[in-house]
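Here's the letter readout for the chains.
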Amino acid sequence: MTSVAATTASAATTSTSTTSSSSSSTSLSSSDFLSLLVSELQNQDPLNATSTTDFINQLTSYANFTEQQNTNASMSSLASSFSSLVTLNSVNYIGHTVEAKTDTATLSGGSATFGYTLSSAASDVAISIKDSSGNTVWSGTGSGTAGSNSFTWDGKNSSGTQLSDGGQYSISVTATDAAGNSVYQYSTVSGTVTGIDTSTSTPSLLVNGVAVSASNVIGVTS
């Protein structure tokens, strides 16, 4: 009896010899699967034919294979539709001022304003500002009030030199209470949404030139 495995091996050998100059593929279409089953029936030993049970199992495997292909196609279509829906919803933010969880802001007008939230009052708050390369350009202290706090950086580095507008800078906050426990929760920026960035699989809002996920928006004003 010629089995599906044997037929597959034969087909694979033929495919390898005729497509050596092309890239290999591990995909198997439904027509390929049916061809293998037909080949098995045509080439089986009449004196030792495939048992009914084996043949039914192979047909079941084919049915499962086809169903999986359909499921994959449906998931791909669903993912595409979801991405389009996210983009459509994100457009509604354009022109609005939002507050979003992120630690990055663009230096504009010689300054950049950040927000940060503390779970409880802090006795020690250290703040550092880093450039897009991760280099610390300024460090100092901030307010330790429980809840929301605001910090405006004047755009000058530790040497007092005014840095040029347009650069993106991130804030790093370390806040601890009297017992030395961290009370820092997250940082935020506020700004007007000027567009949508669709260069990645999940569209992002452009807030003052910084890409921010819509899921990180915690407040919207007109």
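Residues numbered from 1 in each chain as written. Predicted model: local features only at pLDDT ≥ 70, side-chain atom pairs only at ≥ 80, totals over all residues. Heavy atoms only, no water.

With that settled, consider the overall build of the chain. If you tally the helices and strands in the chain, you get three helices and 11 strands. Shown N-terminal to C-terminal, the secondary structure of the chain runs as helices and strands in the order α-α-α-β-β-β-β-β-β-β-β-β-β-β. The buried share among the 222 residues of the chain stands at 26%. Counted over contacts in the chain with a minimum sequence separation of 6, partners at least 24 positions apart contribute 69%. (Helix = DSSP H or I, 4+ residues; strand = E, 2+ residues; numbered from the N terminus. Buried < 20%, exposed > 50% of the residue type's maximum accessible area, 1.4 Å probe, protein only. Contact = heavy atoms within 4.5 Å.)

The pairing of strand 1 (residues 97-101) with strand 8 (residues 184-197) spans five bridges and is antiparallel. In the sheet register, alanine 100 faces strand 8, and the bridge partner there is valine 189. Sheet topology places strand 3 (residues 112-118) next to strand 8; four bridges connect them, and they run antiparallel. Within the sheet, the bridge partner assigned to glycine 115 lies in strand 8 and is threonine 188. Relative to strand 9 (residues 204-207), strand 8 runs antiparallel, the two sharing four bridges. Note that in strand 9 the partner of valine 193 across the bridge is valine 207. (Pairing = 2+ DSSP bridges.)

Counting across every chain of the model gives two aromatic pairs. The side chain of lysine 101 reaches across the aromatic face of tyrosine 186, ending 4.5 Å from its centre. (Phe/Tyr/Trp six-rings, centres within 6.5 Å; stacked < 30°, edge-to-face > 60°. Lys NZ or Arg CZ within 6 Å of the ring centre and 35° of its normal.)

Glycine aside, residues mostly have negative phi angles, and peptide bonds mostly take the trans form. Of note, the phi angle at asparagine 208 is positive, near 55°, even though the residue is not glycine. Residue position: asparagine 208 is located in the loop between strand 9 and strand 10 (210-213). Since its relative accessible area comes to 40%, asparagine 208 is described here as partly exposed.

Moving on: the nonpolar core. In this structure, Phe114, Val125, Ile127, Ile129, Phe151 and Trp153 are the most contacted members of the largest nonpolar core, which totals 20 residues. Mapped onto this core, the elements with two or more residues apiece are strand 3, strand 4 (124-130), strand 6 (147-153) and strand 7 (168-176). In this structure, isoleucine 127 is in contact with Tyr116, Trp138, Ser139, Gly140, Thr141, Gly142, Phe151, Ile171, Ser172 and Val173, ignoring residues within four places of it in sequence. By size, the runner-up hydrophobic cluster in this structure holds eight residues, among which are Ala100, Leu205, Val210 and Val217. (Core = buried A, V, L, I, M, F, W, Y, C linked by side-chain atoms within 4.5 Å.)

Attention shifts here to the sheet that holds strand 2 (residues 104-106). Taken together, four strands build an open sheet; the order of strands is 2-7-4-5 and the sheet is antiparallel. Edge strands, defined here as strands with exactly one partner in the open sheet, are strand 2 and strand 5 (136-141). Ignoring strand direction, the axes of neighbouring strands in this sheet form an average angle of 25°. Of the strand pairs in this sheet, strand 2 and strand 7 are connected by three bridges, and their pairing is antiparallel. Paired with alanine 105 across the bridge in strand 7 is tyrosine 169. (Axes fitted to C-alpha atoms, helices over the stretch in contact; angles between N-to-C directions.)

By the element assignment, serine 199 lies in the loop between strand 8 and strand 9. Among the residues examined, serine 199 registers a relative accessible area of 61% and is labelled exposed. Within the local environment of serine 199, its side chain forms a polar contact with the side chain of aspartate 197, the two groups lying 2.7 Å apart. (Polar contact = N/O pair within 3.5 Å; in protein donor to acceptor, adjacent residues only side chain to side chain.)

Turning our eyes to something else, we now look at the confidence of the model for the chain. Per-residue confidence for the chain averages 79 on the pLDDT scale, and 64% of its residues sit at or above 70. Here residues 1-25 is modelled with pLDDT under 50, and outside its nearest four sequence neighbours on either side it reaches 16 contacts, counting other chains as well. (pLDDT = per-residue confidence, 0-100.)

A word on the side chain of threonine 188. If you trace the backbone, threonine 188 turns up in strand 8. According to the relative accessible area criterion, threonine 188 is buried, its value standing at 4%. The residues touching threonine 188, leaving out its near neighbours within four places in the chain, are Glu99, Ala100, Lys101, Thr102, Phe114, Gly115, Tyr116 and Ile218.

Turning our attention to the environment of serine 120. Considering the arrangement of structural elements, one finds serine 120 in the loop between strand 3 and strand 4. Judged by its relative accessible area of 30%, serine 120 falls in the partly exposed class. Discounting chain neighbours no more than four positions away, the residues touching serine 120 are Gly144, Ala146 and Val183.

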